[in-house]
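# Residue-level structural notes
Here is what each chain is made of, one letter per residue.
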Amino acid sequence: MSAAVADRLFDAIERGDYPQIEALWAEDVLVWHSGDAADNDRVQALKVIRWFLRTTAARRYEVLDRQFFDGGFVQQHILHADASDGASIHLRVCIVIKVSTDGLITRIDEYFDPAEMAPLLGN
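Computed from a prediction, not measured in an experiment: that's the story for all the values here. (Residues numbered from 1 in each chain as written. Predicted model: local features only at pLDDT ≥ 70, side-chain atom pairs only at ≥ 80, totals over all residues. Heavy atoms only, no water.)

This part is about the UniProt feature "domain: SnoaL-like" (unreviewed entry) in the protein chain. The positions that UniProt labels "domain: SnoaL-like" (unreviewed entry) are, in the present scheme, residues 7–108. For the annotated span residues 7–108, helix accounts for 29% and strand for 50% of the residues, and the straight-line distance between the end C-alpha atoms is 15 Å. (UniProt positions renumbered as here; feature names shortened; annotations may be inferred. Helix = DSSP H or I, 4+ residues; strand = E, 2+ residues; numbered from the N terminus.)

This is the structure we're talking about:
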């Protein structure tokens, strides 16, 4: 089940399919990113996703490794994203995602260098 969730999640982000991303997240999902002082609840985390989709015109994941464990997966990837103003990022990420038995994402921990997001923050 986690493999299908992983494929659907990253495909939806690449396509900018916000409703599909939202549908994959449990109501009580918690999301933490490098640089965050605390976990983000669903509402705040979805605001970040909406901002990212609006800011970027194209997104692509270069998956370096994906390993599954009981109840989720760990993925290392390079996120390639281009903003509509011509800025771009190539962000190396390690993400740990927990998936419930009903196939919904319950927790995301995303590790990356926040400074590498700077080119997108000028928008």
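Still more ground to cover, so stick around.
Another point: the sheet that holds strand β2 (residues 56–69). With mixed pairing, the five strands of this open sheet are ordered in space as β1-β5-β4-β3-β2. Edge positions in the sheet fall to β1 (25–33) and β2, since each of these pairs with one other strand and no more. If you compare each strand with its neighbour and ignore which way they point, the axes differ by 25° on average. The pairing of β1 with strand β5 (residues 105–111) spans five bridges and is parallel. (Pairing = 2+ DSSP bridges. Axes fitted to C-alpha atoms, helices over the stretch in contact; angles between N-to-C directions.)

Next up on the list: the environment of Arg-8. Structurally, Arg-8 can be placed in helix α1 (residues 2–15). As a C-alpha pair, Arg-8 and Ile-95 span 87 residues in sequence and 15 Å in three-dimensional space. Excluding anything up to four places from it in sequence, Arg-8 contacts Gln-20, Leu-24 and Gly-103. (Contact = heavy atoms within 4.5 Å.)

This part is about the pattern of salt bridges. Here the structure, examined in full by the defined rule, presents seven salt bridges. Residue Arg-66 pairs with Asp-7 through a salt bridge whose shortest N-O separation is 2.8 Å. Placement of the pair is Arg-66 in strand β2 and Asp-7 in helix α1, with a sequence separation of 59 residues. Since its relative accessible area comes to 22%, Arg-66 is described here as partly exposed. (Salt bridge = Lys/Arg side-chain N within 4 Å of Asp/Glu carboxyl O. Buried < 20%, exposed > 50% of the residue type's maximum accessible area, 1.4 Å probe, protein only.)

Taken as a whole, this structure holds five aromatic pairs when the rule is applied. Where Phe-10 meets Tyr-61, the ring centres are 4.8 Å apart and the plane angle is 65°; that geometry is what we call edge-to-face. Highlighted residues: Phe-10 in helix α1 and Tyr-61 in strand β2, separated in sequence by 51 residues. On the accessibility criterion, Phe-10 (6% relative accessible area) is buried. Relative to Tyr-111, the ring of Trp-32 has its centre 5.0 Å away and its plane inclined at 55°; by these criteria the two rings are tilted. Placement of the pair is Trp-32 in strand β1 and Tyr-111 in strand β5, with a sequence separation of 79 residues. An aromatic cluster is built from Phe-10, Tyr-61, Phe-68 and Phe-73, whose rings are joined through pairwise contacts. Across the ring face of Phe-73, the terminal group of Arg-66 is positioned such that the distance to the ring centre comes to 5.9 Å. (Phe/Tyr/Trp six-rings, centres within 6.5 Å; stacked < 30°, edge-to-face > 60°. Lys NZ or Arg CZ within 6 Å of the ring centre and 35° of its normal.)

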